[in-house]
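# Examination of the molecular architecture
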Amino acid sequence: MAESQCIVRIQSAYPHLSEKERRIADYILNHPKETIHSSINQVSARIKVADATVFRFCRRLDFKGFQEMKIVLASDIARSKRFNESKNTEQNDDVLGLAEQVFQDNIRTLENTYQILNSEQFKKAIDILAHSERIAFFGSSGSALIAQEAHRKFVRAGVMTYAPSDGEFQMLSASQLTDRDAAVFISYSAADKHLVQVAKTAKQKGCPTIGLTGFMKSALAELMDVSLHTVSVPTDFRSESYVARAAQVTLIDALFVSVMHQRQKKQQIDDKLQDVLLQG
């Protein structure tokens, strides 16, 4: 996580922050250069909150403290200089100009999501999916479509999967899972109470759970054995969750390719072992 961007984490966390935490976030986002040249006491005094509140804010973003957050923020400023300069140029209002902006937003979303990808969590997700007998994909709202896409992708590769969309059927499906299966929960907001209940049911059955959410700390993410996250920012014409779908689809693709590779390696080992046994 040390290489993850500070600004990306703040933007991802923002909808879930308290009033005081949003004041801190607003200050950092609006005054990044002043922040990296200030002490925690100076920042807290300007925002009129306690030093401990600023420290807890940094910890909420998975930093060890204020100093580590400043180091990553300074790296953000240097890395985003070219992007900010391009944003300040006169924008093209023609059709191709708007299309280019959509592509750039999606590219930035993918880059930001890759920045916060936790390699250990990703490897755990691959291991769970590669060794599961069945995979259940659960999604809410727009993410339900991503769950269906994931189901179609894996099932065409010969993996036993399903993606119930009806709320009652989701709960029923979760109640039939076992510790030999896997449940993948997809939700950008991670705030759907029904999906949280479905996840609790799957956990009660001992089923390993994997979450694809838009925020590192949420009720749904905290229930997961493995948490993977996507990052997005709102645009003029599309909400944050809509932009995040590009990252969700790409993350599913990355899991799919990795899981198929893992299963193929296992099959090759099994085939060699079978040949040895037959020769013996």
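Sequence order as written defines the numbering, with residues in each chain counted from 1. It should be noted that, the model being predicted, local features are given only for residues of pLDDT at least 70 and side-chain atom pairs only at 80 or more, the latter also being counted only at that level, while totals for whole chains, interfaces and linings use all residues. Computation of side-chain values: all heavy atoms of the structure, hydrogens and water removed.

On to the packing of helix H2 (residues 19-30) against helix H4 (residues 40-47). The axes of two packed helices give the description: the angle between them and the distance between them. As a packed pair, H2 and H4 sit with axes 10 Å apart at the nearest point and diverge in direction by 110 degrees. Taken together, H2 and H4 sit at an angle that is classed as roughly perpendicular. Handedness of the crossing formed by H2 with H4: right-handed. On the side of H2, the interface is formed by Arg23, Ile24 and Tyr27, while H4 contributes Val43, Arg46 and Ile47. All axes are obtained by fitting lines to C-alpha atoms, using only the stretch in contact for helices, and the reported angles, taken between N-to-C directions, cover 0 to 180 degrees. A helix here means a DSSP run of H or I that spans at least four residues, while a strand means a run of E at least two residues long, and both kinds are numbered starting from the N terminus. Roughly parallel means an angle under 35 degrees; roughly antiparallel means over 145; roughly perpendicular covers 65 to 115; every other angle is labelled oblique. Each crossing gets its hand from how the near helix is turned against the far one by less than a right angle, where anticlockwise is left-handed and clockwise is right-handed. The contact definition used throughout considers only heavy atoms, calling two residues in contact when any of these lie within 4.5 Å.

What follows concerns the pattern of salt bridges. Salt bridges are defined as contacts in which a side-chain nitrogen from Lys or Arg sits within 4 Å of a carboxyl oxygen from Asp or Glu. Per the stated rule, a full pass over the model turns up 7 salt bridges. Two residues, Arg180 and Glu133, come together in a salt bridge whose shortest N-O distance is 3.2 Å. Taken together, the residues Arg180 in the loop between helix H11 (167-175) and strand S3 (182-187) and Glu133 in the loop between helix H9 (119-130) and strand S1 (135-139) connect sequence positions 47 residues apart. Linking Lys153 and Asp253 is a salt bridge whose minimum nitrogen-to-oxygen distance equals 3.0 Å.

If DSSP finds at least two bridges between two strands, the strands pair. Spatial strand order, S2-S1-S3-S4-S5: 5 strands in an open sheet with parallel pairing. Of all strands in the sheet, those bounded by a partner on one side alone are strand S2 (161-162) and strand S5 (226-229). Note that S1 and S2 share 2 bridges and pair parallel. Counted as the bridge partner of Ile135 is Thr161 from S2.

Right, let's get into the packing of aromatic side chains. For Phe, Tyr and Trp, rings pair up if their centres lie within 6.5 Å, where Trp contributes its six-membered ring, and each pair is then called stacked (planes under 30 degrees apart), edge-to-face (over 60) or tilted (otherwise). If you walk through the whole model with that rule in mind, you get 3 aromatic pairs. Residues Phe137 and Phe154 carry aromatic rings whose centres are separated by 5.5 Å and whose planes lie at 45 degrees to one another, so their mutual orientation is tilted. Separated by 17 residues along the polypeptide, Phe137 in strand S1 and Phe154 in helix H10 (residues 143-156) bring together distant segments of the chain. Assessed through its relative accessible area of 1%, Phe137 is described here as buried. Seen in terms of ring centroids, Phe154 and Phe256 are 5.2 Å apart; in terms of plane orientation they differ by 80 degrees. Their pairing is edge-to-face. A simple rule labels every residue: compare its accessible area, found with a 1.4 Å probe on the protein chains alone, to the largest value its type can have, and call it buried under 20%, exposed over 50%, or partly exposed in between.

Take H4 next. Considered for burial, the residues of H4 that qualify are Val43, Ser44 and Ile47. Buried residues of H4 fall within an arc of 95 degrees about the axis and therefore sit on the same side. A positive phi of about 65 degrees marks Lys48, the residue just after H4. What the arc measures is the spread of directions leading from the helix axis to the C-beta atoms.

It is worth spelling out the packing of H11 against helix H12 (residues 193-204) at this point. Their axes nearest at 8 Å, the elements H11 and H12 cross at an angle of 15 degrees. Classified by the interaxial angle, the pair formed by H11 and H12 is roughly parallel. Remark: the crossing between H11 and H12 carries right-handed chirality. Residues Gly167, Gln170, Met171, Ala174 and Ser175 of H11 form the contact with H12, whose participating residues are His194, Leu195, Gln197, Val198, Thr201 and Ala202.

Taken by themselves, the reported measurements are silent on function.
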